[in-house]
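# Fold and contact review
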Amino acid sequence: MIQQRAPLPARALGAGFERLVRRGLRGIWTRGQLPPGGCVWAANHHSWWDGFLAAAVLRRQRRAAALLMEGANLSDYRFLTSIGVIPTDRPRQALTSLRDGRVLVIFPEGELRPAGPLGELAPGAAWLARRAPATLLPVAVRVAARGHQYPEGLIDIGAPCPPDRLAAALAGQLAGLDATLAVTDPREPPPGFRCVVSGRSSWDERIDRWSSRVGRR
């Protein structure tokens, strides 16, 4: 579904969040496809960047999006409601967003956790997918410092899964991404991943480009 034109403050915030990603990371690489229509983006939450990565990718794909956030955290950032952030204590609003065709981003671990195996999941993501009903997607996310100066955002979108299989599907998706990163040349993107948001180049990459231009003169 194509995203409808948002109000100016929301567009400004969205652009600002993408700029933050572009200035702080080398870029975002994704693998997998989002289905059309409303769906639940159920991801692990192991990095401060996770919400910004999802927002930047969905903005680039012109998908209408919403993010479920703990009400206590949202109380200090009420302005985020203008770009589709929904408190966790408003399940009807979350269901409406799905039925309106939005991609609802949820971190079912419920809190920021260390970058390791998947933690225990709260039932909200599965419940919303079942109740809407909407497609449920396990999404593995890593922000990794690899072979370049700046960290890279990696998003692996899995195949739709039944609500009662989310924990196993997301754990497997995350373990698979970690295994792929462990055997991939750190200066190359993992197999099947493509860059969807470019960010800051490493110092040596900038020097190489400058040298190439000079050499062609």
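Now for a look at the structure at hand. Within any chain, residue numbers begin from 1 and follow the written order of that chain's sequence. Only residues with pLDDT of at least 70 get local features here, since the model is predicted, and only at 80 or more are side-chain atom pairs given and counted; chain-wide, interface and lining totals rely on the full set of residues. Side-chain metrics rest on all non-hydrogen atoms present in the structure, leaving aside hydrogens and water.

## Some thoughts on the pattern of salt bridges
Threshold: Whenever a carboxyl oxygen of Asp or Glu lies within 4 Å of a side-chain nitrogen of Lys or Arg, that contact is scored as a salt bridge. Throughout, exposure labels follow a simple rule: accessible area from a 1.4 Å probe, protein chains only, divided by the maximum for the residue type, with under 20% read as buried, over 50% as exposed, and the rest as partly exposed.
One pass over the full model with this rule turns up 10 salt bridges. The partner of Glu111 in a salt bridge is Arg113, and the shortest N-O contact between them spans 3.8 Å. Of the charged contacts, one joins Glu152 and Arg146 as a salt bridge, the two residues approaching to 2.8 Å between their closest N and O atoms. Using a relative accessible area of 18% as the deciding quantity, one classes Arg146 as buried. Each of Arg26, Arg146, Glu152 and Glu205 takes part in salt bridges that share partners, so that together they form one network.

## Observations regarding the environment of Arg113
Put simply, the rule is: A run of H or I in DSSP becomes a helix once it reaches four residues, and a run of E becomes a strand once it reaches two; helices and strands are each numbered from the N terminus. Residue contacts are counted whenever heavy atoms from the two residues lie within 4.5 Å of one another. N or O atoms within 3.5 Å of each other form a polar contact, as long as, within protein, one can give a hydrogen and the other can take it, and as long as residues adjacent in sequence are counted only when both atoms are side-chain atoms.
By the element assignment, Arg113 lies in the loop between β5 (103-106) and α5 (124-131). In this structure Arg113 comes out as partly exposed when scored by relative accessible area, which is 29%. Each C-alpha atom of the pair Arg113 and His46 lies 4.9 Å from the other, and the pair is 67 residues apart in sequence. Contact partners of Arg113, with chain neighbours within four places excluded, come to His45, His46 and Gly119. Reaching out from Arg113, the side chain makes a polar contact with the side chain of Glu109 at a distance of 3.4 Å.

## Thoughts on the packing of aromatic side chains
Applicable threshold: Centres within 6.5 Å are what make two rings of Phe, Tyr or Trp a pair, Trp counting through its six-membered ring; a difference in plane orientation under 30 degrees is then read as stacked, over 60 as edge-to-face, and the rest as tilted.
Here the structure, examined in full by the defined rule, presents four aromatic pairs. A network of ring pairs unites the aromatic residues Phe17, Trp48, Trp49 and Phe52 as a single cluster.

## Some words on helix α4 (residues 91-99)
Stated formally: Throughout, the arc means that of the directions going from the helix axis to the C-beta atoms.
The complete set of buried residues in α4 reads Ala94, Leu95, Ser97 and Leu98. Across the axial projection of α4, the buried residues extend over an arc of 155°, all falling on one side. Facing away from the buried side of α4 by over 90 degrees, the exposed positions are Arg92 and Arg99. Tucked into the core, α4 has its buried residues touching β2 (39-43), β3 (65-69), β4 (85-87), β5 and α5.

## Section: the sheet that holds β5
Condition: Any two strands are treated as partners once DSSP identifies two or more bridges connecting them. Every axis corresponds to a line fitted to the C-alpha atoms, with the helix fit spanning only the stretch in contact, and the corresponding angles, defined between N-to-C directions, vary from 0 to 180 degrees.
Spatial strand order, β4-β3-β5-β2-β6-β7-β1-β8: eight strands in an open sheet with mixed pairing. Either end of the sheet is taken by a strand with one partner, and the two such strands are β4 and β8 (194-198). The average undirected angle you get between the axes of adjacent strands in this sheet is 25°. In this structure, β2 lies alongside β5, joined through four bridges in parallel fashion. Pairing of Trp41 across the sheet is with Val105, part of β5.

## Description of the side chain of Arg142
Along the chain, Arg142 turns up in strand β6 (residues 135-144). We classify Arg142 as buried; its relative accessible area is 8%. At 2.9 Å, the side chain of Arg142 and the backbone oxygen of Gly116 are in polar contact. Among residues more than four places away in sequence, those in contact with Arg142 are Asn44, His46, Ala115, Gly116, Glu152, Gly153, Leu154, Leu174, Leu177, Asp178 and Leu181.

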